[in-house]
Amino acid sequence: MVSAFFLAVFWCSIVLAAAPDTLLIKTEKHKGFGPFRHGVHPLKALEKDNPWYHAQPEIKGIPDSLENLLVAYEEVDFLQHAYQSFKNGKIPEERYQSLQKMSAFDAGMNFVSDKPLKVLIPVAAGFDSKGRLVVIADRNNNYDLSDDPAYVVPTKLPGQLYWGRYHDGLPFAIDYEYFDGSQIKKGTTWLYVDYDFSTYHLPDSALKKRPLQIATNFAEYRSGRFELNGSKYELVIYNSRPVYRGSTRLKIKKISKNDYRANYSNEIKVGEKIQIGDVFYRFEKVLRAGEYVKLVKVSEVEKDSGVEVGLQALPFSAAALDGKTIDLKALRGNYVLLNFWGTWCKPCVSEIPLLKEIYQTYSDKNFKFIGIANDERIKVKKFVEQHKILWPQIVQETSKEIINLYQVKSYPTTFLIDPEGKIIEKKIRTQRLKQKLKEIFAF
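Per an unreviewed UniProt entry, the recorded name for the protein is Peroxiredoxin, and the organism is Caldithrix abyssi DSM 13497.

Below, the structure written as structure tokens:
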């Protein structure tokens, strides 16, 4: 049920003649990937030493007639799964705390349900007596595979390219549960399964001799239409999970009678901006099942700043670990690297030696390095001292103001800013950073 607040905003946006401050756009669900590139991810059985192994539910009706049997679970909502697994003692507290930081996830803000949900889709796969790859998924969400039909994966054709195998007739319907922020609801989406991309080139006889894994993805996108300043537009969204969270992608195109081939815009994610006609809007949020998308108009000043490459970096001022204040605006005239990290983040820690090398090489140039740690102050202080890290660190232990400002969802995340304050690289890893600085400073 959509809240009264959202409905009020929706009706206001219809009445206003000028470009409204807020657009709330209703969407409809479609099977397939629409204008988004379809992708897949591998699905394989978990090893017993995997921390998630004991978070898997017990299921009934596992087939015993399939050769090289695979039993695995597809997720419709990873954050709900993580939260309830932690609450039920299925994963350790340290693991859950690291996930909270990686996902910018606050379980106390109606994002998840305290009551466990069926957010895992059990899947069994193997080769039948005819040598065909068969998949049985828990389509009715009852954790029992005995009442679900078998799906025969299409045979590999000679010369057929992997990405050319998909069409919208292949995905099949799957039921699931989700939490909309106030109550638990039932939903239906579509699951696409195929051979795994990494082993597609192998004959089936070879696949039978190795642990089986398959490829899956949810084949669902949503679209909605709206008017703005006399023009009609179509909006489409896609998420790799049917529970729509911060990784949702959005595209918009203008609907024109004279151009049926109008292209969609480049895709953006939640928190990013997009130009609609002469107006800039920020993709503010999407409801959990994707039924409504909220866009908020940005100011003239804000439209030129943001977290995307080509925009002005968002200003901030904060105290560093050594007590000195770091003001991003005051660093104009320098190249600035913002490095969002944490001592709990293994990829972040593994990059420290090369980052130290880069810092030592360019510290006497107009290049400033700022670490922004999503971590505990005492842990960062100890780590910095042990590893002799010389660049300043801003610790975001309780206040996540800068992390939220820059919409950091995963770690490490970096931004390279030029002397005019413009973002020129985003999520640049150490090897690429090293090459980029060589190009900038010519050594």
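Below, the discussion takes up the side chain of K436. Examined against the element boundaries, K436 turns out to sit in helix α8 (residues 430–441). Given a relative accessible area of 17%, K436 falls into the buried group.

Applying the stated criterion across every chain yields a total of one cavity of 30 Å³ or more. When its volume is computed, the largest cavity comes out at roughly 30 Å³. As for the largest cavity, its lining consists of L337, N339, E351, L355, T414, I428, R429, T430 and L433. The set of elements that each furnish at least two residues to the lining of the largest cavity consists of β22 (335–341), α5 (346–362) and α8. Per-class residue counts for the lining of the largest cavity are four nonpolar, three polar and two charged.

Below, the discussion takes up the sheet that holds strand β26 (residues 423–426). Spatially, the five strands line up as an open sheet ordered β24-β23-β22-β25-β26, and their pairing is mixed. Of all the strands in the sheet, the pair left with one neighbour each is β24 (393–395) and β26. Pairs of neighbouring strands in the sheet enclose a mean axial angle of 20 degrees, with direction left out of account. As paired elements, β22 and strand β23 (residues 367–373) share seven bridges and run parallel to each other. For W341, the partnering residue across the bridge sits in β23 and is A373. Packing of α5 onto the sheet brings it into contact with β22 and β23, and relative to β23 it is tilted by some 155 degrees. Sitting on the sheet, α8 is in contact with β22, β23, β25 (413–417) and β26, with an inclination near 155 degrees to β26.

The linkage connecting Y411 with the following residue, P412, adopts the cis geometry, with an omega of -5 degrees. Mapped onto the secondary structure, P412 falls in the loop between α7 (401–405) and β25. Positive phi, normally seen in glycine, also occurs at K388, with a value near 55 degrees.

Once that is clear, we can look at the domain arrangement of the protein. Its domain assignment divides the protein into domain 1 (15–29 + 221–298), domain 2 (39–218) and domain 3 (307–441). Taking only C-alpha atoms into account, the centre of domain 1 sits 32 Å from that of domain 3. In this complex, domain 1 contributes four residues to the contact, which on the side of domain 3 involves four residues. Carbon and sulfur atoms make up 36% of the surface buried where domain 1 meets domain 3, a total of about 360 Å² over both sides. At the junction of domain 1 with domain 3, the criterion picks out one salt bridge. In this structure, the salt-bridge partner of K426 is E272, at a minimum N-O distance of 3.5 Å. Linking domain 1 with domain 3 are one residue pair in polar contact (both at pLDDT 80 or more), by the criterion used here.

Enumeration over the complete set of coordinates arrives at 19 salt bridges. Where R249 meets E267, a salt bridge forms, and the shortest distance between an N and an O atom there is 3.2 Å. Taken together, the residues span a long stretch of sequence, with R249 in strand β13 (residues 249–255) and E267 in the loop between β13 and β14 (268–269) at a distance of 18 residues. Residue E267 is classed as partly exposed on the basis of its relative accessible area of 35%. Ionic contacts of the salt-bridge type, sharing partners, join the residues E425, R432, K436 and E439 into one network.

The next subject is the packing of aromatic side chains. Per the counting criterion, the structure on display carries 28 aromatic pairs. Ring geometry for Y176 and Y178: centres 5.9 Å apart, planes at 40 degrees, overall tilted. Summarising the burial analysis for this pair, Y176 and Y178 share the class buried.

The subject of this paragraph is the packing of α5 against α8. Contact geometry for α5 and α8: axes closest at 10 Å, N-to-C directions at 10 degrees. The pairing of α5 with α8 is recorded here as roughly parallel in orientation. Where α5 abuts α8, its residues E351, L354, L355, E357, I358 and Y362 lie against T430, Q431, L433, K434, L437, K438 and F441. In terms of residue class, the contact of α5 with α8 is made up of seven nonpolar, two polar and four charged.

Once that is clear, we can look at helix α6 (residues 377–387). Each turn of an α-helix holds 3.6 residues, which means side chains three or four residues apart point in the same direction. Within α6, burial applies to V380, F383 and V384. Summarising the axial view, the buried residues of α6 lie within an arc of 100 degrees, below the 170-degree limit, and thus occupy one face. Residues of α6 that are exposed and point over 90 degrees away from its buried face: I378, K382 and Q386. Those residues of α6 that are buried are in contact with β22, α5, β23 and β24.

Conventions adopted
- Residues numbered from 1 in each chain as written.
- Predicted model: local features only at pLDDT ≥ 70, side-chain atom pairs only at ≥ 80, totals over all residues.
- Heavy atoms only, no water.
- Helix = DSSP H or I, 4+ residues; strand = E, 2+ residues; numbered from the N terminus.
- Buried < 20%, exposed > 50% of the residue type's maximum accessible area, 1.4 Å probe, protein only.
- 1 Å grid on protein atoms, 1.4 Å probe; cavity = no way out; pocket = protein on both sides within 12 Å on 5 of 7 lines; lining within 4 Å.
- Points joined across faces, edges and corners; volume = space filled by probe spheres on them.
- Nonpolar A, V, L, I, M, F, W, Y, C, P; charged D, E, K, R; others polar.
- Pairing = 2+ DSSP bridges.
- Axes fitted to C-alpha atoms, helices over the stretch in contact; angles between N-to-C directions.
- Contact = heavy atoms within 4.5 Å.
- Domains from an automatic or database assignment.
- Buried area = accessible area lost by both parts, 1.4 Å probe.
- Salt bridge = Lys/Arg side-chain N within 4 Å of Asp/Glu carboxyl O.
- Polar contact = N/O pair within 3.5 Å; in protein donor to acceptor, adjacent residues only side chain to side chain.
- Phe/Tyr/Trp six-rings, centres within 6.5 Å; stacked < 30°, edge-to-face > 60°.
- Parallel < 35°, antiparallel > 145°, perpendicular 65-115°, else oblique.
- Arc of directions from axis to C-beta.

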